[in-house]
Amino acid sequence: MLKCIIVDDDLMSRTAMENLCKRAENLEVAASFSSAEDALQFLNVEQVNLIFLDIEMPGLSGIEFMDRLSSFPHIIITSSKTEYAFEAFEYQVIDYLKKPITFLRFQRALEKVLDAERRIQKYKEEAKDVYIREEGKLVRISLDDILFFENLGDYVTIRIANGKRHIIHGTMKGIDSKMKDPRFVKVHRSYIINLDKIKDIEENTLVIAETVIPISRSHKQALLNRLNFL
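Residues numbered from 1 in each chain as written. Predicted model: local features only at pLDDT ≥ 70, side-chain atom pairs only at ≥ 80, totals over all residues. Heavy atoms only, no water.

A.B. asks: Is there a simple way to think about the sheet that holds strand S8 (residues 146–152) in this case?
C.D. replies: Each strand in a sheet pairs with another by means of backbone hydrogen bonds, the pair being arranged parallel or else antiparallel. Strand order across the open sheet formed by 5 strands is S10-S9-S8-S12-S11, with antiparallel pairing between neighbours. Of all the strands in the sheet, the pair left with one neighbour each is strand S10 (165–169) and strand S11 (184–188). Across this sheet, the average inter-strand angle for adjacent strands is 20°, counted without regard to direction. Across 6 bridges, the pairing between S8 and strand S9 (residues 155–160) is antiparallel. Within the sheet, the bridge partner assigned to Glu150 lies in S9 and is Thr157. (Pairing = 2+ DSSP bridges. Helix = DSSP H or I, 4+ residues; strand = E, 2+ residues; numbered from the N terminus. Axes fitted to C-alpha atoms, helices over the stretch in contact; angles between N-to-C directions.)

Structure representation (structure tokens):
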């Protein structure tokens, strides 16, 4: 399911786009905005896959809005004019829809987004590393080096094989949903471990790099199902 927002200062255009979105089975409208400024505030706290974006708007234009984005969802431009198309495609937008928009044309644009999402998911499933934000930069961490993730309230500690650790803002639920590598298994509400790093397992605990990690009753069978036994 794709999650999208609509950014357009014209009420009739927003309503028309909302109706098109409702007809699509794989699309959820998270919010609709009459100003780019309000949309930016929303995106500071929420994540979406797709933005339907008008160009000519009071305040921030669609082009200025794209300049200020800190995340990079797919963007489909919706405009009554074609003169901005070249500049818009410089921002790698998925498609450019001229108003009024037919459902057939809308579907074609949406299929481009779905194709792009499938490619992204395939890449993530095959990726051998992850990136985290730390001290204002993106830090690359090899999945092979990760021992386990540990919950710390509103934060998560990433323990690395060389003894280092990284602390990021997030939840175990969020980490669990993003980790596509099958080596990583949740064994407790506070721990996600790398199966390759287990030293030994006792009744309700396992050991990774001298750290004793609890195994909850609800996760034990799922863990055992992932192990190779002789």
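A.B. asks: Please clarify how the environment of Phe86 should be interpreted in this entry.
C.D. replies: Within the fold, Phe86 resides in helix H4 (residues 85–89). Exposure remark for Phe86: the relative accessible area of 65% places this residue in the exposed category. The spacing of Phe86 and Tyr96 is 10 residues in sequence and 9.8 Å in space, taken between C-alpha atoms. (Buried < 20%, exposed > 50% of the residue type's maximum accessible area, 1.4 Å probe, protein only.)

A.B. asks: Would you explain a negative patch on the surface in this entry?
C.D. replies: A contiguous patch of negative charge, built from Glu37, Asp38, Glu64, Asp67, Glu87 and Glu90, is present on the exposed surface. Elements represented by at least two residues in the negative patch include exactly helix H2 (36–43) and helix H3 (62–68). Locating Glu90 in the fold gives a position in the loop between H4 and strand S5 (95–98). (Patch = residues over 30% accessible without salt bridge, like charges linked within 9 Å, V, L, I, M, F, W, Y side chains within 5 Å. Areas by Shrake-Rupley, 256 points an atom, 1.4 Å probe, with all protein chains shown as cover. Salt bridge = Lys/Arg side-chain N within 4 Å of Asp/Glu carboxyl O. Lys, Arg positive; Asp, Glu negative; His and termini not counted. Charge placed at Lys NZ, Arg CZ, Asp CG, Glu CD.)

A.B. asks: Looking at this structure, I do not really get the sheet that holds S5. What am I missing?
C.D. replies: If you trace the 5 strands from one edge of the open sheet to the other, you get S2-S1-S3-S4-S5, paired in parallel fashion. The open sheet is flanked by strand S2 (27–33) and S5, the only strands paired with a single partner. Ignoring strand direction, the axes of neighbouring strands in this sheet form an average angle of 20°. Both strand S3 (residues 50–53) and strand S4 (residues 74–79) contribute to a ladder of 4 bridges, which runs parallel. Directly across from Leu50, in S4, lies its bridge partner His74.

A.B. asks: I tried to follow unusual backbone geometry on my own but got confused; where do I start?
C.D. replies: Excluding glycine, residues mostly carry a negative phi; peptide bonds, for their part, are mostly trans. A cis amide bond links Lys99 with the next residue in sequence, Pro100, at an omega value of -5°. With respect to the element layout, Pro100 can be found in the loop between S5 and helix H5 (103–126). At Gln92, a position not held by glycine, the phi torsion is positive, near 60°. You can see Gln92 is positioned in the loop between H4 and S5.

A.B. asks: Is there a simple way to explain the packing of aromatic side chains in this structure?
C.D. replies: Aromatic rings in a pair are described by how distant their centres are and how their planes are angled relative to each other. If you walk through the whole model with that rule in mind, you get 6 aromatic pairs. Seen in terms of ring centroids, Phe33 and Phe42 are 5.3 Å apart; in terms of plane orientation they differ by 55°. Their pairing is tilted. Both residues of the pair, Phe33 and Phe42, count as buried. Grouped by ring-pair contacts, the aromatic residues Phe52, Phe103 and Phe106 constitute a single cluster. For Arg23, the ring lying beneath its charged end belongs to Phe103, and the centroid distance is 3.9 Å. (Phe/Tyr/Trp six-rings, centres within 6.5 Å; stacked < 30°, edge-to-face > 60°. Lys NZ or Arg CZ within 6 Å of the ring centre and 35° of its normal.)

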